[in-house]
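# Fold and contact review
In case you want the letters, here they are:
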Amino acid sequence: MITIPYLTALSTYFSYGLLFAFGQFRDFFRKIFDWWQASNLQGYAPICLGLEDFYIRRLYLRIQDCFGRPIASAPDAWFDVVERYSNDNNKTLKRTEKISRCLNLGSYNYLGFAAADEYCTPRVIDSLNRFSASTCSTRVDGGTTTLHKELEDCVANFVGKPAAVVFGMGYVTNSAILPVIIGKGGLIISDSLNHNSIVNGARGSGATIRVFQHNTPPHLEKVLREHIAEGQPRTHRPWKKIIVVVEGIYSMEGEICKLPEIVAICKKYKAYVYLDEAHSIGAVGKTGRGVCELLGVDTADVDIMMGTFTKSFGSCGGYIAGSKELIQYLKYTCPAHLYATSISPPAAQQIISSIKVILGEDGSSRGAQKLAKIRENSNFFRSELQKMGFEVLGDNDSPVMPIMLYNPAKIPAFSRECLKQNVAVVTVAFPATPLLLARARICISASHTKEDLLKALEVISQVGDMVGIKYFPAEPTKQLQHQHQQPEKETIKLE
Amino acid sequence: MSPTLSPLQSFNPCNYLAEDLKKNKPRIVMSNNRDDDTLTRVDNSFGRLPDHLLIEIFIRVPVLEWAQIACVKKHWASLFLGESLWHAAIMRTFPSASQAKRWPGPIPRGLSKRRFAALYVSKHIVALDDEIDEIVGHTYLFLKEQLELSTLPPPSGILHGTIIDQFISCGKSRDVAHELASQIWLAVLDNLEENWHTFLVLKRLALEEDVFLPFPYSRSIKVQWRVFEKLFIDFRDCFSHADYYDILGIAKNKFQPIPSACQIILLDVTTSLITIDVQEICTFPVSASVALRVAMESAALNFVNATLNWVTLALDAPAARAVVFGVHISGHLFVEVLLLVVILFLLSQKSYKPPKRPLTKKEIDELCDEWVPESLIPPITEEMQSEPPVLESAAGPHAIVNGKEVVNFASANYLGLIGHEKLLDSCTSALEKYGVGSCGPRQFYGTIDVHLDCEARIANFLGTTDSILYSYGLSTMFSAIPCFCKKGDIIVVDEGVHWGIQNGLYLSRSTIVYFKHNDMESLEKTLEKITAKNQRAKKLRRYIVVEAVYQNSGQIAPLDKIIKLKEKYRFRVLLDESNSIGVLGHTGRGLTEYCRVPIEKIDIVTASLGHALATEGGFCTGSARVVDHQRLSSSGYVFSASLPPYLASAAITAIDVLEQNPDLTSKLKENIAILWKGLSDVQGLSVASNPESPIVFLQLKKSTGSTKGDLQLLEDLANRALEEESVFVVVSKRSTLDKCPLPVGIRMFVSAAHSESDLLKACLSLKKVAAVVLKDHIRP
C-alpha cells in the first residue's frame, strides 16, 4: 500500500482545500452575474447539476493542457505532440500547426506494435482491401468473416484456452460479459482498484458486489469465507455463484496480480476466477502470454480470461477466452456479440499478425526480442527511478510504473516541465485515482532504445528535483552524480 | 359599680368577675340548693346586664370555671347552653377557627359548644405543630365518645376508616390523614378513663382480627401496640389467667415477625415488657401452644400484613416528615421515585437483543465445504450451438458465404460505402501514418489529430458546435446516458429501444418510465402523469429517450410530435440516430432533417458510426456543454482506448462522400420502396417497419405463441433463404439480458448499393421460401 508522508498529505489537503475555496468563491460570483440565466432554462432543470461539474470547471480546466494532448503521428517511441494554446485561461485549447517531437512515455505501446510494422502493416492493408474497414453488422448477423474466425482461434491458442470470442472494444468486453455470466443472487468479489469497465459491468449485472483490499489474498479469503457463510443479504440463501475479478497488471499501480495465491483461494472456495489481462497480455511472460505464464498459473484454473488488444497488440478490441461451452453460451446471448458491430477486419488482422510475430510464427525472432526488450527496459527504468529517490509503485517486470506526485500543483508542473524537454508523460489525477494519490505514469515500450530511456531518466530526474517529488533519499552512488548535477541545474536556472 | 358605669372600655369584667366570684363563692355553692329568686336577688345589678355583656364577661373567665358560673343563675346556665356564648368564645379564643357553616365528612361538627370543645382538644390534647385544627378535635371527640359511651362500639376498623374519611374529605392528604388518625387514636387511648368499661373496650380491640385494608385505612402499628401496652401495663390486674395468655399470644403473633430493625423502633417503647413476655411464654408451654395455634391459623395473613406494616414503617421512618418543595415525602412517594428511577434506567438500556454468536471457524469451514455453486453457465442447448454464417469477403451488397455469392441484407451498409474506394484510400493512408490502434485513452496521448478532425467534421455536418467520439457504437449510449442522468432523475423511454440504451438506463439508476412503442398518445399520457403526479418533477432532470429508426422494429419516431410534447412538458430529448444518420432527410442528416426539426431542439444526439458510415465507433453531439461534460464524466470515453485513427479518418471520408453524392440517399429511398412493395404480399409475413426505414422488418402474421417458437421458425426461413436462394437475411435475435417486449422478425438492411434485380430476387426468394417454411404454420 501507498504510505503517504504526513506533511505531504497535509499540504495536499491544503491545496485541494484552497482550490475548492477559490472555486466556490468564483462560483458565488458567477451565480450573482448569471442569476438571470436561471430564467433561460424555461422550466428545465439544469443539465449539469450543482457540484456535478465543479471539479471540471474549477480544477480540471486549470490544468486541462496536461491531458488529452493531441498527437499527429503513430504513438511510437517518439511521437509528434501537437502544440496548443489558449486565449481564455485554459478554458478552451486551440490546436496549432506546430508540432514537437517528444519521447513517448505515455502510450500503452508495450511491444511497439503501434507504429507501422514490417510484418503487420502490409497484411493489415491487405485485409482492409479485402474486407473493408467495417462489416456494418453484428457478429451473429453478417459480421463474422473468416478473419474473425481466425482471430478467435488464434487468441484462444495464444492465451491457452479452448475457445475465445472477440469484441470490438475492451471496455465493452468487461461491461457486457459480466451481466451475462452472473446476475441477481450472485456475488462479485472485485479488487478494490479494478478498472471502471469491470465496476460498470458488475453494476450492470445486478449481482451483489463486494470488494477486497487491493491485491491482498488473505483479505480475499476473509471476504469469501464471510460471504459464503452468510449467504445472500437478507434472505441468507446460498449464493448462486461467486466470481472473483482481478486484473493481471493494475494500470494505475503497475502492480502484478498475486494470481497463484488468489487462484488457490478461489479453488478452495469454489469461486470462479475472472482475470482481466488488459495490460498484461502480450507484455509479460516468457512468450508474452500474460500473468499466467509469468507466475506459472495453469490457465485451466482461470475460468474466464479477458484481455484487450489495445495495448500490446497495437490494435483495438477485447477478448474473452474460456471453455468451449462458456464461449458458446456467450456467443448465444452476450449483447456485445448480438448487438454490436463486429471488430473491424484490419484491426483483427493486426492482432493476428502481431500474435504471430510474438510467437515467432512470422519466421523471425522479433517477437522474442521485443519481449526481452520490454522486460529489460522496464526493470532498468524502474530501478533507476527508485535509485533516484522517486516513489515508484508497482512490481518488477511490469511495464507500468507510476511515480507518486500527491500535490495537485505538482501534476501540471511535472507534466509541463517534462513536455518542455520533449518527454511526454501521463499524469493521472482524481477521477482515475483517489484524490490524494495523484501520480505520473510511465509506460515503457519495447520500442524505446537505451538512449531514449537515459534521456527520459535525465529529464525526469531534473524535473523531479525542480518539482520536489523525490520523496525518498537517493541511493548513495547516485547521490554523488546528483550533487554533480546540482550546480548545472542552478546555472540553467540562472540562464 | 353602678350601672351608669357604662363605658365598656373602662369596665374590666375579668377583675370584676373574679372579685365577684371570690365574694360569692360560698353563695354560689349554696345557690345550687336554693331557688332562683334568692339568686337573682343576690346581685341585681349584675343580673341586669344585657346578655352580650354577660357573654363578654364570661368568656374572659378560664374555661375550668365555667361549670361553676353556669350554676349561679338559671339565666346564666341558659346562656351557657345557648349558641351565642360559645360562638363568641370560639371567636375570642380561637380567632383563626373557620366560620364556614358547611362541614364536609361523616363526623358531625355539632353546635358551637361542641366545636369549642373540639378546638380546645385540638389545642391542648393533640396539638400539632402549634396549629389548631378543628377536625382533629372533632375526630378526637367522636372517637372518644364512640369508645366510652357506647356499650358495643363498632369495630375499630370502621372507626378508623371514618376518621380517615373525615380527614380526607377535609382536604388532608392520605398520608397526613393516616398520620393524624394514628395520633388521635393514641391520644384517645391515653385519655380513656381507667375503668372496667375501658378494659372491655381495649380487650375487644386487642382481640379484634386484623382486617387487611389498603393504606391509609390500615391502622398503624403504633395504635395496635398502644392497645396492648395499655392492657398489659394499666389493666394487668383485670385479666383472668386465660384471657391474659390469649391476649399475650395475639400480641406475640402480631409483633413477632417484625424484623429486628423495626423491632428496635418498637422496643424503645417497652423493652422490658417483651422480655418478660418471652420469659413467661417459655415457662408456660401450654399457653405458648395456644398462642402458637392462634398464630398458625392466621399466619399467612398476618405475615403479609405485618410485612406490609413493616415496609410502610420502614419507608415512613426515614422520611416521615421530610418536605420537599412543599410536598410531604412519605413512603409511597419514595417508592414511586424509586420506580421512576428504575424505569428510566431500564429505558436507557439498549433493547435486548439475543447475543449474536459469531460462527466458529469450524462452522464456517463446513459451510464453505457444503456450498455448491451453480455452474458458470447454464447447460448448452442445441440452439446455443448454432454458428452464424461466415463471410469470406467484405460484407458488401454481395458477399461470399460458403464459396457462394449471396445478396447480403445482413449489413447495415445503407449507403453502400463498404469497399468504397475513397474510404479504402483514406484508411490505407491513416494506417500507414498512425498504425492501427491508438494505444491509449483520449486523455493520455490517445487523442490523434484525426479524432479531433472527425469530431469537428461530424459537428459541422450535423450543424452542432461540437461532438465527441466514442470508440464503439454500443458503448456510446450506455456511457452518455449515465453522464446526464443520475439517481432521482426521470427518464421516459420507448419500450422498444435497443440494449445499449437499456443498459445505459440501468446504469444511470434513474427512475425509468416506459411508454408504448412509438405511440405518441401513450407518451403524452405518461408525461402528463409524471408532471401531474410529481410536483418535484420540475426540479429534476427529465428526459425522453427515443431512437430515430428503431433497430428492433424498423419504426421511425415522429420527432415533430415528440418535440411538441417535449416543449409542452419541458423534457429534454435524447435521440439515438444510429440507423438514421446518412439515411433520413434528403441530404442524409438524419431524423431532424427528415422531420424538419432544428437540431438544437434535441439536447443529446448519439449515433453509431458502424451503419451508414461504414466504419466503427460512435459519437454524441449536442451543445458544447453537453459534449464537454462527457469528456471527463463519460466512463466509456474516459476509461477506454480511443477509436483507431484509421476508422476516424474513414468516418471523415464517409461524410465527405455522403455530402458529395446526395443521390446516395435518394437511391436508398428508391430501393427501400422497391423492397417494401415486393415484400408486402409475402405469405404469412407482414412488413412491420416504416415505409421509409432502411430496416425492413418482417414479422410473422400469426405468432406461434412464444418468442422461441417464432425465432425458430424465422431462423429456419432465413437459413433456407441463404442456402437455397442465396439471399442473406437475418433474424433479430435477442439476448437474455434484452428486455425489449417487441416481437422478433426478419430484419433486412437495405443498401443503396443493392441493384433493382437484387431486391426483386430477394422478394421472390423470400416469397418462395416463406411459402414452404410457413406452410404448416399458416394452414392450421
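Owing to the predicted nature of the structure, the values given are computational and were not obtained by experimental measurement.

### Here we look at the interface of chain A and chain B
Taken together, the contacts link 114 residues of chain A with 111 residues of chain B. In this assembly, chain A packs against chain B so that about 9600 Å² is buried in total across both faces, 62% of it on carbon and sulfur atoms. Joining chain A to chain B, the criterion identifies 44 residue pairs in polar contact (both at pLDDT 80 or more). A class-by-class count of the residues in the side of chain A that touches chain B yields 63 nonpolar, 33 polar and 18 charged.

### Some remarks on the packing of aromatic side chains
Scanning the entire structure with this criterion turns up 22 aromatic pairs over all chains. On the numbers, 5.3 Å between centres and 50° between planes, the contact of F79 of chain A with Y445 of chain B is tilted. With F79 of chain A in strand β1 (residues 78–85) and Y445 of chain B in helix α22 (residues 442–446), the pair connects residues from two separate chains. What makes F79 of chain A buried here is its relative accessible area of 0%. Here the aromatic cluster, defined as three or more aromatic residues joined through ring pairs, consists of W196, F199, F228, F232, F235, F239, Y244 and Y245 of chain B. In this arrangement the basic side chain of R123 of chain A is found over the ring face of Y119 of chain A, its NZ or CZ atom lying 3.7 Å from the centre. In this structure, R542 of chain B packs its charged tip against the face of F571 of chain B, placed 5.6 Å from the ring centre.

### Section: a positive patch on the surface
A cluster of like positive charges, contributed by R26, R30, K31, R62 and K91 of chain A, occupies part of the molecular surface. Positionally, R62 of chain A belongs in the loop between α3 (54–60) and β1.

### Some words on the pattern of salt bridges
All names here are of chain B. On inspection of all chains with the given rule, the structure shows 44 salt bridges over all chains. A salt bridge links R631 to E455; the shortest N-O distance between them is 3.2 Å. Of this pair, R631 sits in helix α29 (residues 624–633) while E455 sits in helix α23 (residues 449–462), and the two are 176 residues apart along the sequence. The salt bridge involving R541 is made with D489; its shortest N-O contact spans 3.0 Å.

### With respect to the UniProt feature "transmembrane region" (unreviewed entry) in chain A
Following the UniProt record, the feature "transmembrane region" (unreviewed entry) maps to residues 6–25 of chain A here. Helix makes up 100% of residues 6–25 of chain A and strand 0%, whereas the separation of the span's terminal C-alpha atoms amounts to 28 Å.

### Thoughts on the environment of S190 of chain A
All names here are of chain A. Of note, S190 is situated in strand β4 (residues 187–191). According to the relative accessible area criterion, S190 is buried, its value standing at 6%. Along the sequence, S190 and W35 sit 155 residues apart, while their C-alpha atoms lie 45 Å from each other. Those residues in contact with S190, other than ones at most four positions away along the chain, are R210, V211, F212 and V245. At 2.9 Å, the side chain of S190 forms a polar contact with the side chain of N194.

### Regarding the UniProt feature "domain: Aminotransferase class I/classII large" (unreviewed entry) in chain A
In the numbering used here, UniProt assigns the feature "domain: Aminotransferase class I/classII large" (unreviewed entry) to residues 102–460 of chain A. Between the end C-alpha atoms of residues 102–460 of chain A there is a gap of 14 Å, over a span that is 42% helix and 16% strand.

### A look at the nonpolar core
Core analysis: the largest hydrophobic core is formed by 265 residues, its most contacted members being F381 of chain A together with M748 of chain B. Among the elements that take part in this core, helix α31 (residues 645–660) of chain B stands out by supplying ten residues, more than any other. When sequence neighbours within four positions are dropped, the list of residues in contact with M748 of chain B reads F409, L675, L679, P694, I695, V696, L698, V729, A762 and L766 of chain B. Formed by 46 residues, the second largest nonpolar core is a distinct cluster that contains L159, L192, L231 and I247 of chain B.

### Focus on the sheet that holds strand β16 (residues 746–749) of chain B
All names here are of chain B. Taken together, the four strands give an open sheet; going across it, the order is β12-β13-β16-β15, and neighbouring strands pair in antiparallel fashion. Looking along the sheet, the strands with just one partner apiece sit at the ends: β12 (685–687) and β15 (730–731). The sheet contact formed by β15 and β16 spans two bridges and is antiparallel. Looking at β16, one finds that V731 is bridged to I746.

### Things to note about the sheet that holds strand β10 (residues 604–608) of chain B
Residue and element names in this part refer to chain B. Taking strand neighbours across the sheet as the criterion, the seven strands line up as β5-β11-β10-β9-β8-β6-β7 in an open arrangement whose pairing is mixed. Edge positions in the sheet fall to β5 (466–470) and β7 (511–515), since each has one partner strand and no second. For this sheet, the mean inter-axis angle between neighbouring strands, taken without regard to orientation, is 20°. As judged from the three bridges shared by strand β9 (residues 572–576) and β10, these two strands associate in the parallel manner. Residue pairing across strands places L574 opposite I604, the latter belonging to β10. In the packing of helix α26 (residues 520–533) onto the sheet, the strands contacted are β6 (490–494), β7 and β8 (542–547), and the crossing angle to β7 comes to about 145°.

### Section: the environment of I265 of chain A
Residue and element names in this part refer to chain A. Structurally, the position occupied by I265 is in helix α9 (residues 259–268). What makes I265 buried here is its relative accessible area of 10%. I265 sits 44 residues away from E221 along the chain, and the two C-alpha atoms are 6.4 Å apart. The residues contacting I265, other than those within four sequence positions of it, are P217, L220, E221 and L224.

### Some points on the confidence of the model for chain B
As a note on interpretation, predicted positions should not be read in detail where pLDDT is low. All names here are of chain B. When pLDDT is averaged along chain B, the result is 80, and 84% of the positions lie at 70 or above. Below a pLDDT of 50 lies the segment residues 1–40, which in the model reaches 30 contacts outside its immediate sequence neighbourhood of four places, other chains included. With pTM at 0.71, the complex prediction returns an ipTM value of 0.91.

### Quick word on the packing of helix α6 (residues 170–181) of chain A against helix α11 (residues 324–333) of chain A
All names here are of chain A. Contact geometry for α6 and α11: axes closest at 11 Å, N-to-C directions at 105°. The angle between α6 and α11 places the two elements in the roughly perpendicular class. Of the residues in α11, those touching α6 at I177, V180 and I181 are L326, Y329, L330 and T333. Its residues placed into classes, the contact of α6 with α11 shows six nonpolar, one polar and no charged.

### Focus: a negative patch on the surface
A contiguous patch of negative charge, built from E363, E366, D369 and E370 of chain B, is present on the exposed surface. Within the secondary structure layout, E370 of chain B lies in helix α20 (residues 361–370).

### Overview of the state of the cysteines
A complete count under the given rule lists zero disulfides over all chains for this structure. Among the cysteines around C316 of chain A, which has no disulfide bond, C439 of chain B carries the closest sulfur, lying 11 Å off. Here C316 of chain A falls in the buried class, since its relative accessible area comes to 8%. Here C439 of chain B stays free of any disulfide, with the sulfur of C443 of chain A as its closest cysteine sulfur at 10 Å.

### Notes on the side chain of E391 of chain A
All names here are of chain A. Turning to its location among the elements, E391 is positioned in the loop between α14 (366–388) and β10 (400–406). Salt bridges are absent for the buried E391, whose nearest opposite-charge side chain, R439, sits at 9.0 Å. Here Y406 takes part through its side chain, which lies 2.6 Å from a polar atom of the side chain of E391. If we skip the residues at most four places from it in the chain, E391 touches I2, T3, P402, I403, M404, Y406, I469, Y471 and F472.

### Describing the pairing of β16 of chain B
The two faces of a sheet get side chains in turn, since along a regular strand they alternate between them. Residue and element names in this part refer to chain B. Going residue by residue along β16, you find I746 and M748 tucked away on one face and R747 and F749 tucked away on the opposite face as well. Examined bridge by bridge, strand β13 (residues 695–700) and β16 share four bridges and lie antiparallel to one another. Across the sheet, F697 pairs through a bridge with R747, a residue of β16.

### Some details on helix α25 (residues 499–508) of chain B
All names here are of chain B. With respect to burial, α25 is a largely interior element, nine of its ten residues being buried. Along α25, the residues classified as buried are W499, G500, I501, Q502, N503, G504, L505, L507 and S508. Positioned one or two residues after α25, R509 has a phi angle of 60°, which is positive.

### A short note on unusual backbone geometry
Positive phi, close to 80°, is recorded for D397 of chain A, a residue that is not glycine. Note on placement: D397 of chain A falls in the loop between α14 and β10. If you check the backbone angles, R509 of chain B has positive phi at about 60° while not being a glycine. Inspection of the secondary structure puts R509 of chain B in the loop between α25 and β7. The partly exposed category is assigned to R509 of chain B, whose relative accessible area is 42%.

What counts, and where the lines are drawn
Counting of residues starts from 1 at the beginning of each chain's written sequence and follows it residue by residue. Here the convention is simple: chains get letters from A, ligands get numbers from 1, in the order in which they are written. In keeping with the predicted nature of the model, local features appear solely for residues at pLDDT of at least 70, side-chain atom pairs appear and are counted solely at 80 or more, and the whole-chain, interface and lining totals rest on all residues. The side-chain values count all of the structure's non-hydrogen atoms but skip hydrogen atoms and water molecules. In what follows, residue pairs with any heavy atoms lying within 4.5 Å of each other are defined as contacts. Defined in terms of a 1.4 Å probe, buried area is the accessible area two parts forfeit on being brought together, summed over both. The definition of a polar contact used here is a pair of N or O atoms within 3.5 Å, where within protein one atom must be able to donate a hydrogen and the other to accept one, and adjacent residues in sequence count solely through side-chain atom pairs. The residue classification treats Ala, Val, Leu, Ile, Met, Phe, Trp, Tyr, Cys and Pro as nonpolar and Asp, Glu, Lys and Arg as charged. All others, Gly included, are polar. Each aromatic pair joins two rings of Phe, Tyr and Trp (for Trp, the six-membered one) with centres within 6.5 Å, and gets the label stacked for planes under 30 degrees apart, edge-to-face for over 60, and tilted for any other angle. Secondary structure follows DSSP: runs of H or I at least 4 residues long count as helices, runs of E at least 2 residues long count as strands, and numbering of each begins at the N terminus. Summary of the burial criterion: residues with accessible area below 20% of their type's maximum are buried, those above 50% are exposed, and those between are partly exposed, where the area comes from a 1.4 Å probe applied to protein chains only. We call a charge positioned above a ring when the Lys NZ or Arg CZ atom is no farther than 6 Å from the ring centre and deviates by at most 35 degrees from the ring normal. Only residues whose relative accessible area exceeds 30% and that form no salt bridge are eligible for patches; like-charged ones are grouped when within 9 Å, while nonpolar side chains (Val, Leu, Ile, Met, Phe, Trp, Tyr) are grouped when within 5 Å. Areas reported as accessible are Shrake-Rupley estimates using a 1.4 Å probe. Residue values count occlusion only from the protein chains shown. Note on definitions: salt bridges are taken to be side-chain nitrogens of Lys or Arg within 4 Å of carboxyl oxygens of Asp or Glu. When charges are counted, Lys and Arg are positive and Asp and Glu negative, with His and the chain ends excluded. Every charge is mapped to an atom, namely NZ of Lys, CZ of Arg, CG of Asp or CD of Glu. UniProt positions are given in the numbering used here, feature names are shortened, and annotations may be inferred rather than shown by experiment. Buried Ala, Val, Leu, Ile, Met, Phe, Trp, Tyr and Cys residues form a nonpolar core when they are joined through side-chain atoms within 4.5 Å. DSSP-based pairing: two strands are paired if at least 2 bridges between them are found. Axis lines are fitted through C-alpha atoms, for helices just across the contact stretch, and the angle between N-to-C directions can take any value from 0 to 180 degrees. On a scale of 0 to 100, pLDDT captures the predictor's confidence in every residue. Here roughly perpendicular refers to angles of 65 to 115 degrees, roughly parallel to angles under 35, roughly antiparallel to angles over 145, and oblique to all remaining angles. Our working definition of a disulfide is a cysteine sulfur pair at a distance within 2.5 Å.

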